Each structure stands twice: as structure tokens, then as C-alpha cells.
Amino acid sequence: MEMEMDIRALNELIQKESSFVDIINIEMGKVIVGQKHMVESLLIGLLSDGHILLEGVPGLAKTLAITSLAKIMDAKFSRIQFTPDLLPADLLGTMIYSQKKESFETRKGPIFANFILADEINRAPAKVQSALLEAMQERQVTLGDSTYKLPNPFLVLATQNPIEQEGTYPLPEAQVDRFMLKVVIDYPSKEEEKVILRAQIANTKPENQKVINPEDIIRAREIVRKVYVDEKIENYITDIVFASRYPSKYGLDKYKNLISFGGSPRASISMALAAKAYAFIKRRGYVIPEDVRAVCYDVMRHRIGLTYEAEAENIKSVDIISEILNTVEVP
Amino acid sequence: MKNIKIQILLIFALLGFMPLFAQTPIVKSSLDTNAILIGDQTVLHFQITQQKDQIVSWPNWNDTITKQVEILGILKLDSTTLPNNQLLIDLRLLITSWDTGYIVIPPQSFRYDVLNDSSFRSFQSEPLLMQVKNVAVDLKKEIKDIKPILEEPWTWKELIPYLIAVLIVLILAAIAFYIWKRIKNKQPILSLPKKPAIPAHLIAIEKLNQLNQQKLWQQGHHKAYYSELTDIMRTYMEAQLRFSAMEMISEDIISQLKKMKIEDTLLKESEKILKLADFVKFAKTQPLGDESSAALKWAYNFVEITRPKADVDVEKKEVNR
């Protein structure tokens, strides 16, 4: 078999540069039992420079996962608990008057960190959500007259609790679209829970070691960008997104009245980037349909709007995604 | 005592023979019922016993007997010959009354004549008493007909136009439903009978032959060659092995083949070829010539092994002939 030089070289480079993925997995595995999908999604977000919206009931190691990742990478981590009385300044920072210097000083907020855990993002009012999402998009914050770049890498992991919706401010569709992935995590399996139980009873708390630094991630991102996406894969991605917008054109007439809006162009971009990152994690220099399928649910889940009819029939966006994947031809 | 008995018998016998000697006809009148509801009908009977040579004339009733009793019609007028040259005339009149209370049907006078005697003779019936009752009306209840309107039974002559109309409506509804169904399923409204479907393996072999003749990989079009090859095989799997191979990734196809208990060598070969096809299609890989020809051999072999066995037998028989 004779490979074209660029992809073969890329494959070799990925084999060499992606070794940290295993190290991260091992280190994460020391403190987190199970939740492989969440850890994988964190890596995808990290490698493709996207943010993650995490949905799961309390106690599923969401905070532990991101603090561990920060420790492993020797990166700065902030946890912000979103509450109804939170103000944008509590997040971004503000100008404080110094009597000593007789001038205003900048006090940077907790957003100036590599990893941000925005806990229960839907509990804060819209102005705080907007401040965070704008910072996520722009990667910079303006305080007074000065604009400050946010550190690189910058990953926001926002959580939502699916069971208590009273007194919350659900994120508007346009804001949700800014999250590259929406990951839904479930309870660990019985075996995994037994392992967690034993570890807690034994009071053995393994410490994470710093094994990589943020620069390694920045370098890996450069390689991820080079991962080859064939035109056939591009067509496959656009077909999936278009099927969510115009289901009738793909023989999905039954979903015509159940989808109020489909995936935006950001969905196609995110799917391609996430598929590239997934291929990198799998040590490949090119994307195959398996990669697209692996990230499709997390990319599309929050980007398909459902109508009242769909809610009445208890149809979820994942049902529609499954049907789309079963209908769109794989290249 | 014996003498008294003989005397009574003689008296009855004389009474019995009285009509024979009496020349005047006898009339008996009676009613079917002597109590009717207002407007209800009953029958008035007159039975006249006369000599055959007597001519009895009826009273001139027109349509009433009295002001209160109306004659609706003659139900029967009949005569019966009796012994001793006598005749029994039976007359039945249907009567009604629209006045309530006790009504007397007065004695009716009948005239009779005897041959060769022009003198006036007559005889009378007995008066009759009839009670005409009013209908009890409950004013508190709603007004309604005593009896519903009688409906005449339908005849076929009357029914046939309606049946034809219903039949036409049903036919039109069936046509409309058929057209709607065809349009909904995006099918032509009128379609010619389909040709019998060609077996999936024959289509696959035909397409593989065409692919071989195109010599795509020999000309360096590896991607087109492997895309076409995998499409042919996935279409074949979908039709022959009945799973949605066209919408499945290579990994899922292999899992499906494992479930179908495809023989191990073929399964391993399939996995290898599908993986190679993915490399070529998505990673610009340029396989060696041997690999490309091996991929085509695998395709033929896969079809040969998984094709229906019944077809093989039939084809063998055809060859033997």
C-alpha cells in the first residue's frame, strides 16, 4: 500500500504527538471512575477549541473531571457557581478605585483562567449568561477602556441540571449554539459505582500529576487542524445537517412538523472540527464516517429545535438524530 | 206430570212451525259491539227470514241511518236458502258515529210485497242501543298523532336509482382514495405492471462485471473504484441480507455480518477490504494493484457465498439441461 506523503506523514506525526491522550486518560482514570464519554468529550473540546455544555444530575463528577484536567495540564482553573444574583462584573472583573494610587485599577474576574466550570449556567440571569457567552466567542474581555485577551487554551464547561427547572433562565437557542458540544452524562454502571464506593470508604484520594502543559495542547490543536477531511465526509456532514433542516428532502416526512429549526452552519463547522479531534484521539490523520457518527449526537443534540407536537409525542432530539443517521447514506 | 210435559212440547212445536204459517218476514238486528270510541267503526247486522216468493225492499238509508249514525258501506249482502221454501238474507253495514253518548238505532222499517197482491206490507227491526265513548285526553301531555303515519314498503323500482347513486359515489370515493394514496406515496397514478424483480446477486454480478470492464484502478482512479465497489456491495447486502448497509459505517456492517454468522474467513476478508476502502475513500490512500484486484475477487466471492442456495440449484439444473 502506498500512501500519499502528506497523510502518511500526518499519521506518523499524530502517532507521535497524540501520546499525551493516553497519559491524560490514565491520569483522569485515577480519580474518575467510568464517564469515558465525558472525558473524551472534554478532550474533543480541548483539541478543537470548542466549549462544552454538560447536562447531568448532581454528583456525576463534572467538577472533579475539569479540576483534574486542569491539574494534569498545570492550567488555571476557575469554578463559578451561577446564581440569580450574579452580576457580569462578578464573572468578568471590574474597575476598582484605589485610594492609594488615586486611580482605577483593573480587578480581573474568574473568567481569566484556562478552564472554567460555569456551574448551573441556567440559574443566572440573561445578562450574566450573555457576558460569559460573549467572552467565549470573542476570547477577550473589555474592562473600562482596556481589552484583555483570555488565556489559551480556554475551555468553558457549563453545566445544566435537567431535573430542577423552576426559577431558572434557560439559555436561548442562539446562546446554546455557541457551545460546540452538549454532552449528556448518565449515572455510572453498577460495577463502576462499586469501585467509587470502595475508593471513598478506603479514603484513598489519588492525586493527579502534572503530565502536560497548555503548550502541548496548543501544538496538538495545530495538528488537529491538519487532519484530512475528504469531500465525501464533507458531503456526509452537510447531508446530516441539511436533513435536520429539511427532513422531507431526505425522506423524513414524519419529522417535518416535529422540527422547528435544524442545525445552523455552526453545526456543520462544529461537526467537522469535532470529527477531526476525534480522529486525532483515535490516532488517525483523516476523518472517516465513524468519527462523524461518534460526535454527531453531541454536536446536534442542542441544535435541533423541537415543536410542541414533538414534545407532546415525547420525541427527543436524539430520536431525530438517530433517524437522520439511519437515513442519510454513508459515503 | 207426564201430561204437562206433553203439553209444553206441543206448545214449542207449534211455535217452531209458526213462521211456516206466518207470511210476514222476520228481521233480527244486532251490533258487533254496542260500545265504540268516537269515530270508531262497527258492523250492524240485519238477518231477514222470508218466503221465497216475497220481495223485501230495504229502507232508503242513503248514507245515514239517523243523523248520528253514518253508513260507511255495505260489507256483505248474502242470501241462504232455508228449508220450507224460505230464504235468509244477511246484510252487514259498516257504521260509525261522531257524537258521543248513548245513541239509539231506531227500528228500521222494511217493506215487502207478495205476488198478485198490491197491498202495502211492512215489518220492523228491533231498536238497538249503542254507546259512543269519547277518547280520554290528557291535556298535560304533548299533542301527538294517535298513530304514526303509515309507511309504504319500498319497491325495487324505487330503490334502484338510489342504489345506482350510492354505487357511483362509492366508485368515485375509491378512485379519489387511490389517487390520493398514490400521490402521497409519490407514485405515478397509473403504473404498468412491474417486471419480475431481478435477483440481487445477478444485479451485483452484472455491476461488478461493468466495474471490472471500466478498469478504474488501472487508470489510477482508486477512489472512484473503491467507492463504486463498496456501493455495489452495500446495495447487494441491503437487498440480499436485509439490513440497511447503505446507511451504515464499515464497523457496523462488520458487526451486522458477525450477527448473521457469515463464515469466519469471509468475515475477516470483508473487514480487511472495507477498511482498505475507507483508507482509499477518505485518506487518499493508493492501494497496490494486487489489493485492488483482490478486492474485486472478494466481492465476487462474497456474492457467491451469500447468494440464495435455491437459485444455485436451479441454475445448476439449467446448466445440466
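1. What to know about the pairing of strand 1 (residues 26–31) of chain B
All names here are of chain B.
Logical step 1: Here strand 1 shows a buried face lined by Val27, Ser29 and Leu31 and an unburied face lined by Ile26, Lys28 and Ser30.
Logical step 2: Pairing analysis gives 6 bridges linking strand 1 to strand 3 (residues 41–51), with the strands arranged antiparallel. From the neighbouring strand, Lys28 faces strand 3, where its bridge partner is Gln47.

2. Here's the deal with the packing of aromatic side chains
Residues and elements named next belong to chain B.
Logical step 1: Going through the model one piece at a time under the given rule, you end up with 16 aromatic pairs over all chains.
Logical step 2: On the numbers, 6.4 Å between centres and 90 degrees between planes, the contact of Trp61 with Phe110 is edge-to-face. Separated by 49 residues along the polypeptide, Trp61 in the loop between strand 4 (54–57) and strand 5 (69–82) and Phe110 in strand 8 (residues 109–114) bring together distant segments of the chain. Comparing Trp61 with Phe110, the two get one shared label, buried.
Logical step 3: Each ring, one from Tyr112 and one from Phe123, has its centre 5.9 Å from the other, and the planes form 55 degrees; the classification is tilted. You can see Tyr112 sitting in strand 8 and its partner Phe123 sitting in strand 9 (residues 117–124), a full 11 residues away along the chain. Residues Tyr112 and Phe123 agree in their burial class; the two are buried.
Logical step 4: Through successive ring pairs, a cluster of aromatic residues spans Phe46, Trp58, Trp61, Phe110, Tyr112 and Phe123.

3. Re helix 3 (residues 156–184) of chain B
Logical step 1: A rise of 1.5 Å per residue sets the reference length of helix 3 of chain B, with its 29 residues, at 42 Å; its end C-alpha atoms lie 41 Å apart and thus fit the reference within 8%.
Logical step 2: Once helix 3 of chain B ends, the next one or two residues include Lys186(B), with phi positive near 55 degrees.

4. Some points on the confidence of the model for chain A
Logical step 1: Within chain A, residue pLDDT values average 85, and 98% of them lie at 70 or more.
Logical step 2: Of the regions scoring below 50 in pLDDT, residues 1–5 of chain A engages in 14 contacts with residues more than four places distant in sequence or in other chains.

5. Description of the interface of chain A and chain B
Logical step 1: Contacts between chain A and chain B engage 24 residues on the former and 23 residues on the latter.
Logical step 2: Counting every contact that joins chain A to chain B gives 2 salt bridges.
Logical step 3: Across the pair Asp230(A) and Lys223(B) runs a salt bridge, and its minimum N-O distance is 2.6 Å.
Logical step 4: Taken together, chain A and chain B are joined by 7 residue pairs in polar contact (both at pLDDT 80 or more).
Logical step 5: At the level of elements, helix 1 (5–17), helix 10 (231–245), helix 12 (289–300) and helix 14 (317–327) of chain A are the ones that each hand at least two residues to the side of chain A that touches chain B.
Logical step 6: Tallied by class, residues from the side of chain A that touches chain B come to 13 nonpolar, 2 polar and 9 charged.

6. Considering the environment of Glu234(A)
Logical step 1: Within the secondary structure layout, Glu234(A) lies in helix 10.
Logical step 2: Along the chain, Glu234(A) and Val292(A) lie 58 residues apart, while their C-alpha atoms are 9.8 Å from each other.

7. Considerations on a nonpolar patch on the surface
Residue and element names in this part refer to chain B.
Logical step 1: A cluster of nonpolar side chains, contributed by Trp156, Ile160, Leu163, Ile164, Leu167, Ile168, Ile171, Leu172 and Ile175, occupies part of the molecular surface with about 920 Å² of accessible area.
Logical step 2: In this structure, Leu167 sits in helix 3.
Logical step 3: For Leu167, a relative accessible area of 51% puts it in the exposed group.

8. Let's talk about unusual backbone geometry
Logical step 1: Cis rather than trans, the peptide bond between Asn152(A) and Pro153(A) has omega equal to 0 degrees.
Logical step 2: Within the secondary structure, Pro153(A) is located in the loop between strand 7 (146–149) and strand 8 (155–160).
Logical step 3: Notably, Asn62(B) is not glycine yet its phi reads approximately 55 degrees, a positive angle.
Logical step 4: As for its placement among the helices and strands, Asn62(B) is situated in the loop between strand 4 and strand 5.

9. Notes on the side chain of Gln129(A)
Residues and elements named next belong to chain A.
Logical step 1: Locating Gln129 in the fold gives a position in helix 6 (residues 126–138).
Logical step 2: A polar contact is formed between the side chain of Gln129 and the backbone oxygen of Ala124, at a distance of 3.0 Å.
Logical step 3: Non-local contacts of Gln129, meaning those with residues more than four positions away in its chain, are made with Ile121, Asn122, Ala124, Tyr169, Pro170, Leu171 and Pro172.

10. Thoughts on the packing of helix 11 (residues 265–281) of chain A against helix 12 of chain A
Residue and element names in this part refer to chain A.
Logical step 1: Running from N to C, helix 11 and helix 12 cross one another at 135 degrees; their axes reach a closest spacing of 8 Å. The pairing of helix 11 with helix 12 is recorded here as oblique in orientation. The element helix 11 and its partner helix 12 pack so that their crossing is right-handed. Contacts between helix 11 and helix 12 involve Ala267, Ser270, Met271, Ala274, Ala275, Tyr278 and Ala279 from the first element and Asp291, Val292, Ala294, Val295, Cys296, Val299 and Met300 from the second.
Logical step 2: In terms of residue class, the contact of helix 11 with helix 12 is made up of 12 nonpolar, 1 polar and 1 charged.

How each quantity is defined
Residues numbered from 1 in each chain as written. Chains lettered and ligands numbered in written order. Predicted model: local features only at pLDDT ≥ 70, side-chain atom pairs only at ≥ 80, totals over all residues. Heavy atoms only, no water. Buried < 20%, exposed > 50% of the residue type's maximum accessible area, 1.4 Å probe, protein only. Helix = DSSP H or I, 4+ residues; strand = E, 2+ residues; numbered from the N terminus. Pairing = 2+ DSSP bridges. Phe/Tyr/Trp six-rings, centres within 6.5 Å; stacked < 30°, edge-to-face > 60°. Expected span 1.5 Å × (residues − 1). pLDDT = per-residue confidence, 0-100. Contact = heavy atoms within 4.5 Å. Salt bridge = Lys/Arg side-chain N within 4 Å of Asp/Glu carboxyl O. Polar contact = N/O pair within 3.5 Å; in protein donor to acceptor, adjacent residues only side chain to side chain. Nonpolar A, V, L, I, M, F, W, Y, C, P; charged D, E, K, R; others polar. Patch = residues over 30% accessible without salt bridge, like charges linked within 9 Å, V, L, I, M, F, W, Y side chains within 5 Å. Areas by Shrake-Rupley, 256 points an atom, 1.4 Å probe, with all protein chains shown as cover. Axes fitted to C-alpha atoms, helices over the stretch in contact; angles between N-to-C directions. Parallel < 35°, antiparallel > 145°, perpendicular 65-115°, else oblique. Left-handed = near helix turned anticlockwise from the far one by under 90°.

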